[in-house]
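Residue-level listing of the chains:
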Amino acid sequence: MLKVENLHVNVEDKDILRGVDLEINEGEFHVVMGPNGSGKSTLALTVAGHPRYEVTRGRITFDGEDITELGPDERAKKGILLAFQVPPEVEGVKIIEFLQQVLVELKGLDPVEAYDLIVKKAGELWFKEEDLHRYVNVGFSGGERKRLELLQAVLIGPKLLILDEPDSGVDVDSLSVISRKIEELHRKGTAILLITHYGRILEHIDKGDIRVHVMKDGRIVRTGGGELVERIDREGFGGIFEEVGE
Amino acid sequence: MTETITIKDAKAIIENQIEELSKRNREPEWMTRIRYRALEAFEKAPHRDPVISEEELLHFIAKPEIEGVPEHIESIDDLPPEMKALLDRLGISEVEQKYIAGLAVQTDTGVIYNEFLKEWEKKGLTVLPTEEAVRRYPDVVKEHFLKLFRVDESKLTAYHTAVWNGGIFLHVKEGLKVPFPLHLFFLIQESALAQAPHIIIVAEKNTEFHLIEGCTAPILLKHSLHLDMTEAYFHEGAKGQLTVLQNWPEYVHTRPMTRAKIGKGARFINTTVTLGSGKSNIGDPRYWVDENGYVELNGILLGQKDFYVDLGGRMYLQGKGAGGINASKAVIMDESTVITRGIIQAEAEKTRGHISCDALLMSDKATMETYPGLISKVDDAQLSHEAAIGKIREEELFYLMSRGLDEEKATQLIVKGFLEPMLKDIPMEFLVEIRKIIELAVSGGM
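Residues numbered from 1 in each chain as written. Chains lettered and ligands numbered in written order. Predicted model: local features only at pLDDT ≥ 70, side-chain atom pairs only at ≥ 80, totals over all residues. Heavy atoms only, no water.

Now for the overall build of chain A. Within chain A one finds eight helices and twelve strands. Against the globule reference of 18 Å for 246 residues, chain A gives a C-alpha radius of gyration of 18 Å, in line with a compact fold. In terms of overall dimensions, chain A has a C-alpha envelope of 55 × 40 × 30 Å along the principal axes. Split into buried and exposed, the 246 residues of chain A put 55% on the buried side. Sequence-distant contacts in chain A: of pairs separated by 6 or more residues, those separated by 24 or more amount to 68%. Accessible surface, chain A: about 10300 Å² in total, of which carbon and sulfur atoms supply 45%. Distance between charge centres in chain A, computed from 32 positive and 46 negative side chains, equals 2 Å. (Helix = DSSP H or I, 4+ residues; strand = E, 2+ residues; numbered from the N terminus. Rg over C-alpha atoms; globule rule 2.2 N^0.38 Å. Buried < 20%, exposed > 50% of the residue type's maximum accessible area, 1.4 Å probe, protein only. Contact = heavy atoms within 4.5 Å. Areas by Shrake-Rupley, 256 points an atom, 1.4 Å probe, with all protein chains shown as cover. Lys, Arg positive; Asp, Glu negative; His and termini not counted. Charge placed at Lys NZ, Arg CZ, Asp CG, Glu CD.)

Residues and elements named next belong to chain B. Pairing in this open sheet of nine strands is mixed, and the strands run β1-β2-β4-β7-β10-β13-β16-β19-β22 from one edge to the other. Two strands close off the open sheet at either side, each with one partner strand: β1 (125-129) and β22 (373-376). Ignoring strand direction, the axes of neighbouring strands in this sheet form an average angle of 5°. Here four bridges tie strand β10 (residues 257-262) to strand β13 (residues 286-289), and the two strands are oriented parallel to one another. In the strand pairing of β13, I262 is matched with V289. (Pairing = 2+ DSSP bridges. Axes fitted to C-alpha atoms, helices over the stretch in contact; angles between N-to-C directions.)

Among the seven residues in strand β11 (residues 210-216) of chain A, six count as buried, and that is most of the element. Here β11 of chain A hands over to strand β12 (residues 219-224) of chain A after two residues, with D217 of chain A in that stretch at a positive phi of 45°.

Formed by 114 residues in total, the largest nonpolar core has its most connected members in F98, L160 and I182 of chain A. Shared between two domains, this core takes at least three residues from each, and those domains are domain 1 (7-283) and domain 2 (392-446) of chain B. (Core = buried A, V, L, I, M, F, W, Y, C linked by side-chain atoms within 4.5 Å. Domains from an automatic or database assignment.)

What follows covers the side chain of H198 of chain B. As for its placement among the helices and strands, H198 of chain B is situated in strand β4 (residues 198-203). With a relative accessible area of 0%, H198 of chain B lands in the buried category.

A separate point is helix α1 (residues 7-24) of chain B. Residues and elements named next belong to chain B. A rise of 1.5 Å per residue sets the reference length of α1, with its 18 residues, at 26 Å; its end C-alpha atoms lie 25 Å apart and thus fit the reference within 8%. Among the residues making up α1, those that are buried are A10, K11, I14, Q17, I18, L21 and S22. Angularly, the buried residues of α1 cover 130° about the axis, an arc narrow enough to put them on a single face. Those residues of α1 that are exposed and angled more than 90 degrees off the buried face are K8, N16 and K23. Those residues of α1 that are buried lie in contact with α2 (29-44), α3 (54-62) and α9 (155-163). One or two residues past the end of α1 sits R26, with phi positive at roughly 45°. (Expected span 1.5 Å × (residues − 1). Arc of directions from axis to C-beta.)

Below, the discussion takes up the interface of chain A and chain B. Contacts between the two partners involve 33 residues from chain A, matched on the other side by 21 residues from chain B. Carbon and sulfur atoms make up 62% of the area that chain A and chain B hide from each other, which totals about 2300 Å². The largest share of the area that chain A buries against chain B comes from D73, F84 and Q101 of chain A, three residues that together contribute 20% of it. The partner of R403 of chain B in a salt bridge is E149 of chain A, and the shortest N-O contact between them spans 2.7 Å. Counting every contact that joins chain A to chain B gives twelve residue pairs in polar contact (both at pLDDT 80 or more). Mapped onto the side of chain A that touches chain B, the elements with two or more residues apiece are α1 (40-48), α2 (72-78), β6 (80-83), β7 (90-94), α3 (95-107), β8 (135-136) and α5 (142-156) of chain A. A total of six residues in the side of chain A that touches chain B trace back to one element, the largest contributor, which is α3 of chain A. (Buried area = accessible area lost by both parts, 1.4 Å probe. Salt bridge = Lys/Arg side-chain N within 4 Å of Asp/Glu carboxyl O. Polar contact = N/O pair within 3.5 Å; in protein donor to acceptor, adjacent residues only side chain to side chain.)

Moving on to the pattern of salt bridges. Going through the model one piece at a time under the given rule, you end up with 42 salt bridges over all chains. Ionic pairing is found between D310 of chain B and R341 of chain B, a salt bridge with its closest N-O pair at 2.9 Å. Of this pair, D310 of chain B sits in strand β15 (residues 308-311) while R341 of chain B sits in the loop between β18 (337-340) and β19 (343-346), and the two are 31 residues apart along the sequence. When salt bridges with common partners are traced through the structure, they connect K121, E124, K181, E184 and K188 of chain A into a single cluster.

Before going further, it helps to examine the packing of α3 of chain A against α5 of chain A. Residue and element names in this part refer to chain A. At a minimum axis distance of 11 Å, the contact between α3 and α5 shows a crossing angle of 30°. Of the possible angle classes, the one that applies to α3 and α5 is roughly parallel. The way α3 lies across α5 gives a crossing that is right-handed. Across the interface between the two elements, I95, F98, L99, V102, L103, L106 and K107 from α3 touch L148, L151, Q152, L155 and I156 from α5. Residue composition of the contact of α3 with α5, grouped by class: ten nonpolar, one polar and one charged. (Parallel < 35°, antiparallel > 145°, perpendicular 65-115°, else oblique. Left-handed = near helix turned anticlockwise from the far one by under 90°. Nonpolar A, V, L, I, M, F, W, Y, C, P; charged D, E, K, R; others polar.)

All names here are of chain B. Within the open sheet, the eight strands sit side by side as β3-β5-β8-β11-β14-β17-β20-β23. Their pairing is parallel. Of all strands in the sheet, those with a lone pairing partner are β3 (182-184) and β23 (382-390), marking the two edges. The sheet shows a mean angle of 10° between the axes of neighbouring strands, taken without regard to direction. Where strand β8 (residues 239-246) meets strand β11 (residues 267-274), eight bridges bridge the pair, whose relative direction is parallel. Across the sheet, the residue bridging to T243 is T271, located in β11. Against the sheet, helix α11 (residues 407-419) touches β14 (294-303), β17 (323-332) and β20 (352-361), its axis set at about 165° to β17.

On to the environment of L148 of chain A, then. Residues and elements named next belong to chain A. Secondary-structure assignment places L148 in helix α5. Judged by its relative accessible area of 1%, L148 falls in the buried class. As a C-alpha pair, L148 and N137 span eleven residues in sequence and 8.0 Å in three-dimensional space. When sequence neighbours within four positions are dropped, the list of residues in contact with L148 reads I95, F127, V136, N137 and F140.

All right, on to the packing of aromatic side chains then. One pass over the structure, following the stated rule, counts 13 aromatic pairs over all chains. Taking 4.9 Å as the distance between ring centres and 85° as the angle between the ring planes, the aromatic pair formed by F84 of chain A and Y399 of chain B counts as edge-to-face. Of this pair, F84 of chain A sits in the loop between β6 and β7 while Y399 of chain B is found in helix α10 (residues 394-401), placing the two residues in two different chains. Like Y399 of chain B, F84 of chain A is buried. (Phe/Tyr/Trp six-rings, centres within 6.5 Å; stacked < 30°, edge-to-face > 60°.)

So, about the confidence of the model for chain B. All names here are of chain B. Per-chain confidence: chain B averages 88 in pLDDT, with 85% of residues scoring 70 or above. Low pLDDT (under 50) marks residues 101-112, which in the prediction has 25 contacts with non-local residues, meaning those over four places away or in another chain. Model confidence for the complex: the whole-complex pTM is 0.89, and ipTM, which rates the interface, is 0.97. (pLDDT = per-residue confidence, 0-100.)

With that settled, the discussion passes to unusual backbone geometry. A positive phi angle is found at D13 of chain A, which is not glycine, with a value near 65°. Relative to the assigned elements, D13 of chain A resides in the loop between β1 (2-11) and β2 (14-24). At K350 of chain B, a position not held by glycine, the phi torsion is positive, near 55°. Mapped onto the secondary structure, K350 of chain B falls in the loop between β19 and β20.

Let's shift gears to the packing of α2 of chain B against α9 of chain B. Residues and elements named next belong to chain B. Direction vectors running N to C along α2 and α9 enclose 155°, while the axes themselves pass 8 Å from each other. As summarised for this structure, α2 and α9 are arranged roughly antiparallel, according to the angle between their axes. In terms of crossing hand, the pair formed by α2 and α9 is left-handed. Facing I34, R35, A38, L39, A41, F42, E43 and K44 of α2, the residues of α9 in contact are K155, A158, Y159, T161, A162 and V163.

Given below as structure tokens:
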């Protein structure tokens, strides 16, 4: 479904990705780990189509179509959704109005249908109906922001959900609900690309089911199964980097 | 400009207009005398307008009507086609369409509200065209007409006073709380005279009201200079809101002159929503605030094309505990210029004032300037200001677009959101229209 081939990305005159290959098929669960600055977020933002991330070599295809030059809105329409690491505040835009418009545009719902669905799903992510009249992310805690990202994922039901550190800056209770929602989306068939530092977020996920990629200096240096997560949690990246000669 | 208009010529023209107005309005002599006093002051009064030169002003006086606007508009069908198309896109109601076309002149709208307002008149609410108030309530009008302005302050105040026509007289008697917003139009389209409505608001003790004037859709004005004057008096404990909605055609210069006295414990929320692309809009309202009184000046502005806007606002906090807020939010597009220069002067103890100015620049050719002024004459006043001028943040735009909204829709959402917090007191029906206009402006469809 998603195919990243020899991807080189330049951001503000710095080469951040230096030849990434990655293939994700329908319904698969992929985890990307790696130290700070290894290029994990760049990979996520490039696949989502951030205009400041310039692809200098290689390409990205989705369902067989080259999407390297497509805008973020067109990628979203094809079924790619990025849950942001730090979702921005959008002053003056109410969550309910924003999500309604998204569901109208993306899913073709009518606004009333969309409203009911949003209220229903919001409860599952601990948002009360009145919370939906707050402005998008404005004054939100870390946990609230990440839960709102997951709410959008649940409502949109993308083919591919990219989660950029859904566990950073989150309280323990929010972490648990986020983890369970990721598992639920995966179970319903959404392919997942999850970026994280810790294995904790995967507590509800069957480790036998996942592919793990370890990034360093803009490249994937090791790919393996769920056992890699436990090893990294235990001993960090040092051992793995030594093995691959980095 | 082919011929030179001298000040003498202008005075002769104004004099003719005074004659016509006093006759047409069956005006009492005292009012006509005020007009003549203004005519005398006109010659010596200073003129300092950054956009309209004295020569130009004299031309406006000689020839107030602009060319190209249909002479006789008898139905919506007589409107220029591009205007009709815009009204359709905005989904403007029929009543408003008539108003825009100049069909619903003041007396027409008077009829619409008449039966309803008669009921309320018994309870102490008087809403009248100012000309009619001059005849029916001369004592009240005399007490409040031109008391917050001096006729010789400038050529514009003198000219306005000499030829004022149209406007609203709103008088709320002691203790009356008007539970619904009063929406009034007050343009006189058929007149060849200058647009110079005069608004008087008298809110007696412990009253409440919300007056909305104008409308959100562009108005087909026949004049290129619009000089309105508003004098508002809030007695002890009165709470009033004045919301002005305006959408000027691109050839219009507006010079709103607003002043208000805010009594003990009184509150005045003065909101102006400017949506159009006029030529220029320059105003410097003044407010005198007594003990524990409060004034809020909110400016919401969408600057398009080469609109030049200069918004002042002076608040004199004269009584202990008086407060004032001057807040503006401007979306500045195309080649428009917006300048804000509010001044808050603390003259009594425990007074508070705050100036805030936010601007969203949508084009490299747009300009924003802000000059907040805080003056304290006491040692325990709390005065502050903040300003932020910026573009749409890339991160916000990317976030919204990554949810499937195209760039235009995402931009519309951000721009509407930017203005939204300032629109909290605007009734829903106008809010819907305002949002629509913002959307159209963002997508270049105005």
